[in-house]
Amino acid sequence: QLQASGGGLVQAGGSLRLSCAASGRTFSNYGMGWFRQAPGKEREFVALISGNGGSTYYANSVKGRFTISRDNAENTVYLQMNNLKPEDTAVYYCAASSNLVTSLTAYNYWGQGTQVTVSS
């Protein structure tokens, strides 16, 4: 089970840190991803991190502004979002996969989503 939190309302240029807490003892066996879905749009990939945290990958739209990290001792993955833009407004979801890929279909477990709203 995944529980995302940390969303909110922020002005453009501001920062937020999302958290995703996982239950279970095999958290480090899973790659973790963050995805987002804006109103009227399809859910899209944002960032992923390998089970040991050694590999990360980002969508071009967030590269250089967002940082994904994880704490396996706390069963938690984070998404630090800096220099936020209005186009970052979306519901953000964390997800777990046994594969390190960007495709939504590869993710078996999903959190409930947390709303991020960036005002201009």
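Just so you know, these numbers come straight off a predicted model, no measurement behind them.

Student: I would appreciate a short explanation of the state of the cysteines in the present structure.
Tutor: What is meant by a disulfide is a covalent connection between two cysteines, made through their sulfur atoms. Applying the stated criterion to the full structure yields 1 disulfide. Between the sulfur atoms of Cys 20 and its disulfide partner Cys 94 the distance amounts to 2.1 Å. With the S-S bond torsion at 65 degrees, the cross-link from Cys 20 to Cys 94 turns out right-handed. A residue pair is termed long-range when its members are at least 10 positions apart, and Cys 20 in strand β3 (residues 16–22) and Cys 94 in strand β9 (residues 90–97) qualify at 74 residues. Looking at Cys 94, the relative accessible area reads 0%, which means it is buried.

Student: Looking at this structure, I do not really get the environment of Thr 76. What am I missing?
Tutor: Inspection of the secondary structure puts Thr 76 in strand β8 (residues 76–81). Exposure remark for Thr 76: the relative accessible area of 10% places this residue in the buried category. Considering only alpha carbons, one finds Thr 76 and Ala 59, 17 residues apart in sequence, at a separation of 21 Å. Those residues in contact with Thr 76 that lie beyond four places of it in its chain are Ser 19, Cys 20, Ala 21, Phe 27, Ser 69, Arg 70 and Asp 71.

What counts and how
- Residues numbered from 1 in each chain as written.
- Predicted model: local features only at pLDDT ≥ 70, side-chain atom pairs only at ≥ 80, totals over all residues.
- Heavy atoms only, no water.
- Disulfide = S-S within 2.5 Å.
- Helix = DSSP H or I, 4+ residues; strand = E, 2+ residues; numbered from the N terminus.
- Buried < 20%, exposed > 50% of the residue type's maximum accessible area, 1.4 Å probe, protein only.
- Contact = heavy atoms within 4.5 Å.

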